2 protein chains.
Amino acid sequence: MKAVGRRIVVASNRGPVSFGRDESGRVVTTRGAGGLVTALGGALAATGGLWIAAAMSEEDRSQAQRTIEVDAGAGGYQVRLLPFDPADYEGYYDGISNRVLWFLHHSLWDVPRAPTFEGLAEAWHGYRTVNDTFARALEEEGRPPREEPVYLVQDYHLAIVPALLRERMPRAAIAHFSNIPFAGPTGLRILPQPIREALLAGMLGADVVGFQALAWAENFLLGCRGLPGARVDLRRRVVRWDGRDVRVRVHPISIDPAALREEAAAEEAAAAGQDILAWIGDRRLLVRVDRAELSKNILRGFQAYERFLETNQEWLRRISFLALLNPSRQHLPEYRAYTEEAVELAGRINGRLGREDWEPIRLSLKDDYPRALAAYRLYDVLLVNPVFDGMNLVAKEGPALNERDGVLILSENAGASAELGRHALAVNPFDVEATARSIATAVQMDPVERRRRARGLRAAVARNPIDVWVRAQVEDLERMGR
Amino acid sequence: MKAVGRRIVVASNRGPVSFGRDESGRVVTTRGAGGLVTALGGALAATGGLWIAAAMSEEDRSQAQRTIEVDAGAGGYQVRLLPFDPADYEGYYDGISNRVLWFLHHSLWDVPRAPTFEGLAEAWHGYRTVNDTFARALEEEGRPPREEPVYLVQDYHLAIVPALLRERMPRAAIAHFSNIPFAGPTGLRILPQPIREALLAGMLGADVVGFQALAWAENFLLGCRGLPGARVDLRRRVVRWDGRDVRVRVHPISIDPAALREEAAAEEAAAAGQDILAWIGDRRLLVRVDRAELSKNILRGFQAYERFLETNQEWLRRISFLALLNPSRQHLPEYRAYTEEAVELAGRINGRLGREDWEPIRLSLKDDYPRALAAYRLYDVLLVNPVFDGMNLVAKEGPALNERDGVLILSENAGASAELGRHALAVNPFDVEATARSIATAVQMDPVERRRRARGLRAAVARNPIDVWVRAQVEDLERMGR
């Protein structure tokens, strides 16, 4: 089985294009951005491949019957959007993916109270149905006379696609990749046993199961040790399952600094930069850029900043904190509550410490990518302190764009810490006091060390070009075939 | 090194005796009850051993200079209570043991918000100081001309005693035993690295590290894989550390059914039994007996009962739920809030479903051991659904005393499920719907199956006599010595 050079078929929940309507009611196309689209799109264009994704909106569903051609610079690829029954999709997307798997893998539950798994059976039915529809569509794409493709299945939304596809195509080349953490063995005990085993067995349908960082790969292997019938070799990272060897691999995703710089140079980002400069004046700029998301640890970030100001009063009026939070999943009560807490806490700190001529924290709660790019260029300190995070691309995008030898404070529980940790100030994200001390260290760092670290960060990002990530997944499959 | 037959020295936070004052102001002694005191006390009496514990109260401290003689039936043993600076003890007991290690090992934190580790450094200083004082006292007891004893160090309060004692006595025979769960590798990442490593290295000072159940032993081994310098053999359950082999063992603790039956026959328990019978009439009796504790899953238990009543309306007025909750750690805000939620939820269910002649739930919030013994005798269904639990002795005491072939509903995340699971109705404690179905299954179970299961439970308890648990720990040390 030769994998490199073969046609690639990608499956993911969200596709590289989506459809909406403009003011006049016409259907318009939006191209997705971000590392995943760039990385996978480039590889697809090189092989004339196909991307299968879920139709997420009414307009997406209206486009679901046709094949969409995407131009990706060096070549093109095709996109198919799969339509689903809305109730199935709801169970799959919010019921299982967002409310169970996301919370599970990021350890976000208040365990004495949640989860209670209300409506779990119905949601799981939807999850299975959607995953099965993906598997059918993937199989169709591999039928003769077509050459058999390599399948790259993305993320926790599609965790059981590999096994469902394997049933239909016993010899297919299948990789599954998780862009989020994976729960440890104790966390997995929260799931009802049939669902826990279905998820593990589902992923083990692949030839290669990939993760962003070693900790999550290890957790997956440890989880498989609890799966009856699986034999795990922790050292070699192989699971013997169903008569096959399944390899577990770590491939940290990267970003495209050149494309990012181009976006940051565009007019809107430049204007946002002027705006930030006018606000910050000659004060230092502490920045965070995140989805307003429970795993991002926004509350402890503000608490640490408040502690820093209290214990380093010489910094009052000499620094401000720009928190750019992109609203996320606000239809879920957990997210609304968390976002409200963050807004209240920032307000309380501003009320307590702020003065007429000084705003300690400016919290912006909207989707404003140009402003994020501008903030990346201008920060003196970038705070990236998630409780747990598969990778965290802010930690790569920020240093790639920054023009001030800014210091990165980075959670040791972000996947990115493996590549960047030694050039960053590594923090335990739970330790508010230690995070406050890191802010103090960052603002007081001498210019030589700032420069050395900033260079180190840029070099670490540059060492891992964006196309390596997909290539490595395909090469894994090739090695398996030998 | 011969261990069996040698003098045993036990170290634990709480000792087998404590001191208080009666109404006239005289110092009075209270003998502790429970499996640990019975099991360890018996072994100590057989070897003329010593129990070292913390002086927890003013009156305890007043007794700290003298050696207390305890009569334990077949022989006696001695008790020494160690006095501590109150600030150190506070950091050790509430700061680290109750608020960090208990929450950590039972997965009780609402991770997006807690812990924040406020005051951690001071608390850790207290923890180290108290553990070090224990280690010094233990060493004193092993000095010539005394025969060198075997040391049995108990629980998470004294996690670093083994290493501190090992420093002083490189060749001592030391066992550490945890009566609670142990956090998995992801949970351990919540702790600041120096504390995480100090805890693991602290326990690895022992020759043998013991746990109540395999899941917790495995978690400890997995945690050690992340400790620089440790080499873990998962299959043989050995950690190579500091030039020594440390063995990890599983020894489920038991109870003393005969002693329990004697207590249950006493007047106070009999009167409580009459009281329960008068209240329950000819309805079925669902019972839970727990500390009012976040890990015990009281809320989901009530939710499941409510769900059961809603979906099985023929059982309205035909069953009542007696929840005997022993107040615990009510000075901690997390415990007060949780207990209030439980009281409110029971009140809401009673308000919604109750009738003048029928109280769906009776919640008793007090330390009432005689009533618990009576409830054990009389339950038709016993609900033991902790989210995570080292062992859970209610699951053993209940079936040992029950006279009605009562059905045990048992969390698969309680250590007790290894011995009792197949005779119980095993539930995922997070799954409220599944717990509701188990209540329905239990009340509808035919008498033959009830009897078969009840016998199975009693036999499983009887198969593991109370003295085995200590003997196994001492024998482990003996094997290490060879």
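Residues numbered from 1 in each chain as written. Chains lettered and ligands numbered in written order. Predicted model: local features only at pLDDT ≥ 70, side-chain atom pairs only at ≥ 80, totals over all residues.

Asker: Hey, could you run me through the overall build of chain A in this one?
Answerer: The helix and strand inventory of chain A stands at 18 helices and 18 strands. On C-alpha atoms alone, chain A measures out to a radius of gyration of 23 Å, which is about the 23 Å that the 2.2 N^0.38 rule sets for 482 residues. Reported as C-alpha extents along the three principal axes, the dimensions of chain A are approximately 70 × 50 × 45 Å. Within chain A, the proportion of its 482 residues that are buried is 52%. (Helix = DSSP H or I, 4+ residues; strand = E, 2+ residues; numbered from the N terminus. Rg over C-alpha atoms; globule rule 2.2 N^0.38 Å. Buried ≥ 20, exposed ≤ 12 C-beta atoms within 10 Å, placed from the backbone.)

Asker: What's the story with the packing of helix 11 (residues 298-311) of chain A against helix 16 (residues 432-444) of chain A in this structure? I'm lost.
Answerer: Packed helix pairs are characterised by how far apart their axes lie and by the angle those axes make with each other. Residues and elements named next belong to chain A. Helix 16 packs onto helix 11 with a crossing angle of 60° between their chain directions and a minimal axis gap of 8 Å. As judged from the angle between their axes, helix 11 and helix 16 are oblique. The hand of the helix 11/helix 16 crossing is right-handed. From helix 11, Arg300, Gln303, Ala304, Tyr305, Arg307, Phe308 and Thr311 reach across to helix 16, where they touch Val432, Glu433, Thr435, Ala436, Ile439 and Ala440. When its residues are assigned to classes, the contact of helix 11 with helix 16 shows seven nonpolar, three polar and three charged. (Axes fitted to C-alpha atoms, helices over the stretch in contact; angles between N-to-C directions. Parallel < 35°, antiparallel > 145°, perpendicular 65-115°, else oblique. Left-handed = near helix turned anticlockwise from the far one by under 90°. Contact = placed C-beta atoms within 7 Å. Nonpolar A, V, L, I, M, F, W, Y, C, P; charged D, E, K, R; others polar.)

Asker: Teacher, can you tell me more about the sheet that holds strand 5 (residues 68-71) of chain B here?
Answerer: Each strand in a sheet pairs with its neighbour through backbone hydrogen bonds, running either in the same direction (parallel) or in the opposite one (antiparallel). Residues and elements named next belong to chain B. Taken in spatial order, the ten strands line up as 5-6-4-1-7-8-9-12-11-10 in an open sheet, and their pairing is mixed. Every interior strand has two partners, whereas the edge strands, strand 5 and strand 10 (231-233), have only one. Adjacent strand axes in the sheet meet at a mean angle of 20°, parallel and antiparallel pairs treated alike. The pairing of strand 9 (residues 208-211) with strand 12 (residues 244-250) spans four bridges and is classified as parallel. (Pairing = 2+ DSSP bridges.)

Asker: For this particular structure, what's the right way to read the relation of the copies chain B and chain A?
Answerer: What relates the two chain copies is a rotation about an axis together with a slide along it. When chain B is fitted to chain A, the residual RMSD is 0.0 Å, and the transformation amounts to a turn of 180° plus an axial shift of 0.0 Å. These values place the two chain copies in the arrangement generated by a two-fold rotation axis. When each C-alpha of chain B is compared by its distance to the rotation axis, B:Asp110 comes out closest, at 2.0 Å. Comparing interface residues between copies, 100% of those in chain B also lie at the interface in chain A; the contact surface is shared. (Least-squares fit on C-alpha atoms with pLDDT ≥ 70 in both.)

Asker: Before we go on, may I ask you to explain the packing of helix 11 (residues 298-311) of chain B against helix 12 (residues 333-353) of chain B in this structure?
Answerer: All names here are of chain B. Between helix 11 and helix 12, whose axes approach to 9 Å, the crossing angle comes to 10°. The orientation of helix 11 with respect to helix 12, classified from their angle, is roughly parallel. Contacts between helix 11 and helix 12 involve Ile298, Leu299, Phe302, Glu306 and Leu309 on the former and, on the latter, Glu341, Ala342, Leu345, Ala346, Ile349 and Leu353. Of the residues in the contact of helix 11 with helix 12, the class split is nine nonpolar, no polar and two charged.

Asker: Mind showing me how you'd approach the sheet that holds strand 16 (residues 381-384) of chain A here?
Answerer: All names here are of chain A. In space, the six strands of this open sheet follow the order 15-14-13-16-17-18, with parallel pairing throughout. Whereas interior strands pair on both sides, the edge strands pair on one side only; in this sheet they are strand 15 (361-365) and strand 18 (425-427). Averaged over all pairs of adjacent strands, the angle between their axes in this sheet comes to 20°, without regard to strand direction. Those strands touched by helix 12 (residues 333-353) are strand 14 (319-326) and strand 15, and its axis lies near 155° from that of strand 15.

Asker: Would you mind showing me how to read the environment of B:Gln274 here?
Answerer: Residue and element names in this part refer to chain B. Among the structural elements, Gln274 can be located in helix 10 (residues 267-280). Here Gln274 falls in the exposed class, since 10 other C-beta atoms lie within 10 Å of it. It is 8.6 Å that separates the C-alpha atoms of Gln274 and Ala374, two residues lying 100 residues apart in sequence.

Asker: How should I be thinking about the domain arrangement of chain A in this particular structure?
Answerer: How big an interface is tends to be stated in terms of the accessible area lost upon association of its parts. Residues and elements named next belong to chain A. The assigned domain composition of chain A is domain 1 (8-254 + 467-481) and domain 2 (257-462). Here the C-alpha centre of domain 2 lies 30 Å away from the C-alpha centre of domain 1. Counting residues at the interface gives 18 residues for domain 1, matched by 16 residues for domain 2. Elements that contribute at least two residues to the side of domain 1 that touches domain 2 include exactly helix 1 (35-47), helix 3 (86-105) and helix 8 (214-225). When its residues are assigned to classes, the side of domain 1 that touches domain 2 shows eight nonpolar, nine polar and one charged. (Domains from an automatic or database assignment.)

Asker: What is the right way to look at the pairing of strand 1 (residues 8-12) of chain A in this model?
Answerer: Here is the key point about a regular strand: its side chains alternate between the two faces of the sheet. Residues and elements named next belong to chain A. Among the five residues of strand 1, five are classified as buried, and the element is accordingly described as predominantly covered. By the bridge criterion, four bridges tie strand 1 to strand 7 (residues 150-154) in an arrangement that is parallel. By the bridge assignment for strand 7, Val9 is matched with Tyr151.

Asker: Mind showing me how you'd approach the pairing of strand 14 of chain A here?
Answerer: Residues and elements named next belong to chain A. In terms of burial, strand 14 is a largely internal element, seven of the eight residues being buried. Sheet topology note: the strand 13 (residues 284-291)/strand 14 ladder contains eight bridges and is parallel. Across the sheet, residue Val289 finds its bridge partner in strand 14, namely Leu324. One crossover worth recording links strand 13 to the parallel strand 14 by way of helix 11, and it is right-handed. Sheet topology note: the strand 14/strand 15 ladder contains five bridges and is parallel. (Right-handed = clockwise from strand over helix to strand, strands pointing away.)

Asker: Can you help me understand unusual backbone geometry in this one?
Answerer: Note: most residues except glycine have negative phi, and most peptide bonds are trans. Residue and element names in this part refer to chain A. Between Ala114 and Pro115 the backbone carries a cis peptide bond, its omega angle lying at 0°. The residue Pro115 is located in the loop between helix 3 and helix 4 (120-140) in this model. We note that Asn392 has phi near 85°; this positive angle belongs to a residue other than glycine. Tracing the sequence through the fold places Asn392 in the loop between strand 16 and helix 14 (394-401).

Asker: Where do I start with the nonpolar core in this structure?
Answerer: Considering soluble globular proteins, one finds that nonpolar side chains tend to be buried as a cluster. A:Tyr151, A:Ala375, A:Ile409, B:Tyr151, B:Ala375 and B:Ile409 are the most contacted members of the largest nonpolar core, which totals 316 residues. With residues near it in sequence (within four places) discarded, A:Tyr151 still touches A:Val9, A:Ala11, A:Leu138, A:Leu165, A:Ala172, A:Ala173, A:Ile174 and A:Ala175. (Core = buried A, V, L, I, M, F, W, Y, C linked by C-beta atoms within 7 Å.)

Asker: Even after reading the chapter, I still don't get the interface of chain B and chain A, so can you show me in this structure?
Answerer: Chain B puts 34 residues into the contact, and the matching count from chain A is 34 residues. Those elements giving two or more residues to the side of chain B that touches chain A turn out to be helix 6 (185-188), helix 8 (214-225), helix 11 and helix 16 (432-444) of chain B. Looking at side-chain class alone, the side of chain B that touches chain A contains 17 nonpolar, ten polar and seven charged residues.

Asker: Can you walk me through helix 11 of chain A in this structure?
Answerer: Given 3.6 residues per helical turn, the α-helix brings residues three or four places apart onto the same face. Residue and element names in this part refer to chain A. Here helix 11 spans 20 Å end to end across 14 residues, near enough to the 20 Å set by a 1.5 Å rise per residue. Burial analysis of helix 11 places eleven of its 14 residues in the buried class, which makes it a mostly covered element. Along helix 11, the residues that are buried comprise Ile298, Leu299, Arg300, Gly301, Phe302, Ala304, Tyr305, Glu306, Arg307, Phe308 and Leu309. (Expected span 1.5 Å × (residues − 1).)

Asker: Looking at this structure, how should I read helix 18 (residues 466-481) of chain B?
Answerer: By the burial criterion, the buried members of helix 18 of chain B are B:Trp469, B:Val470, B:Gln473, B:Val474, B:Asp476 and B:Leu477. Packed against the buried residues of helix 18 of chain B are strand 1 (8-12), helix 1 (35-47), strand 7 (150-154), strand 8 (173-178), strand 9 and strand 12 of chain B.

Asker: What is the right way to look at the environment of A:Val443 in this model?
Answerer: Residue and element names in this part refer to chain A. With respect to the helices and strands, Val443 occurs in helix 16. Classification of Val443 by C-beta neighbours within 10 Å gives partly exposed; the count is 17. Sequence separation between Val443 and Arg362 is 81 residues; the distance between their C-alpha atoms is 18 Å.

Asker: I would appreciate a short explanation of the confidence of the model for chain A in the present structure.
Answerer: In low-pLDDT segments, the atomic positions of the prediction should not be examined closely. Averaged over every residue, the pLDDT of chain A is 95; the share at 70 or more is 98%. Scoring the predicted complex yields pTM 0.96 and, for the interface, ipTM 0.95. (pLDDT = per-residue confidence, 0-100.)

Asker: How do you make sense of the environment of A:Phe388 when you look at a structure like this?
Answerer: Residue and element names in this part refer to chain A. Inspection of the secondary structure puts Phe388 in the loop between strand 16 and helix 14. Residue class for Phe388 comes out buried when judged on the 26 C-beta atoms lying within 10 Å of it. Measuring from C-alpha to C-alpha, the distance between Phe388 and Phe182 comes to 9.7 Å, with 206 residues separating the pair along the chain. Discounting residues that sit within four places of it in the chain, Phe388 has contacts with His106, Ser107, Pro181, Ser295 and Asn413.

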